[in-house]
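Single-letter residue listing:
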Amino acid sequence: MTHLVHAIGHMKINTNVVDAVVRESTEILGLKVTHKGDGQTWLSSNGRAVELVLVHADENSAHTIGLEALTVDAVRAAEANVASAGCTVVSREPSLSCMAAGFTFVTPEGLRFEIHTPIRDDLAARRHPTYGVSANRMDHINLLTPDPAATRRQLEIIGGLRLSERLVNDSLSWMYGGNRQHHILGLVKGKVGVHHISFEFLDASQFIRLGDTLDRFDKQMLWGPGRHRPGDNVYSYYIDPAGAMIECSSGMSLIADDANFTANVITNLERPGNVRAMNVWGTPAPLEWREFNFPFAQLG
Ligand SMILES: [Fe+2]
């Protein structure tokens, strides 16, 4: 199966607290505002025209998960697979002016995805002055679905994503795309929503700075720092003013040998025996993390 989807493209959220989200995104994460207008505010951590889209709305909810395909042909090939996956195309046009091509589809479970060509990227503008912790790029998103097996099948058929790892009861599973990161999408079993939005950090010392910066905002990490066993990435999590959970991630493993790779199945589910199956180091996930849900917007 060809990996039509390469990486995370962008994330759109609805929010009624735009100013507060912009303040924390710029002053904690270190994103920059790249565009305002037409009821949207765009933010990016690097030279991409946008990674996080704030849709000015009367609620706080997940709007669309953007998945990047490398070419127009890959976008059109993915689009041709939607009906056979039991999903529905709701737009055949790109949603943002900084993309050449894209289409949006919805799933029977209530998720909305856009598969689009790479967002316009200025490589000379990767860094910018900021007091924030200087995220490098949005690197993965964990979604919530009531039927992880169905969502995985849809993403396999439409985008060529592959399973990298899962808990045997499907409460958590992870999928990879063309960039071979252990996961660009995580799937959490639950009411439809987004569990967390992750930004990658190149410098792990920024995790200390993150804690100190959150303190200045009278906030704390919800979980972390620690190192996950699935993905092997260092993590810290906090909640943004819209109620979305943000992960700061570093050093995720890569699946280079795609042809010989077999997805790992974690069968040890009971605490405390499974703590080392889930974490290399750090404290076990708190209940607040395990039960977190940022709801998906009502579709249609
Ligand atoms: Fe994550």
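Residues numbered from 1 in each chain as written. Predicted model: local features only at pLDDT ≥ 70, side-chain atom pairs only at ≥ 80, totals over all residues.

### Some details on the environment of Val192
Logical step 1: The residue Val192 is located in the loop between strand 12 (185-189) and strand 13 (193-200) in this model.
Logical step 2: Measuring from C-alpha to C-alpha, the distance between Val192 and Ala62 comes to 9.6 Å, with 130 residues separating the pair along the chain.
Logical step 3: Those residues in contact with Val192, other than ones at most four positions away along the chain, are Glu109, Gly110, Leu111, Leu144, Thr145, Pro146 and Phe296. (Helix = DSSP H or I, 4+ residues; strand = E, 2+ residues; numbered from the N terminus. Contact = placed C-beta atoms within 7 Å.)

### Re the pairing of strand 15 (residues 234-239)
Logical step 1: With respect to burial, strand 15 is a largely interior element, five of its six residues being buried.
Logical step 2: Two strands pair when backbone bridges link them, and strand 14 (residues 223-228) and strand 15 are joined in this way by three bridges, in the antiparallel orientation. If you follow Trp223 over to strand 15, its bridge partner there is Tyr237.
Logical step 3: Sheet analysis places strand 15 next to strand 16 (residues 245-250), joined by six bridges and oriented antiparallel. Bridge pairing links Tyr238 to Ile246 in strand 16.
Logical step 4: Between the end of strand 15 and the start of strand 16, which pair antiparallel, lie five residues, with Gly243 showing a positive phi angle near 95°. (Buried ≥ 20, exposed ≤ 12 C-beta atoms within 10 Å, placed from the backbone. Pairing = 2+ DSSP bridges.)

### Remarks on helix 4 (residues 206-216)
Logical step 1: Among all positions in helix 4, only Gln206, Phe207, Leu210 and Thr213 are buried. Relative to the axis of helix 4, the buried residues are bounded by an arc of 115° and lie together on one face. Opposite the packed face of helix 4, turned more than 90 degrees from it, sit the exposed residues Ile208, Asp212, Asp215 and Arg216.
Logical step 2: Among the structural elements, helix 1 (18-29), strand 14, strand 15 and strand 16 are those in contact with the buried residues of helix 4. (Arc of directions from axis to C-beta.)

Purely geometric stuff here, so don't read any function into it on its own.
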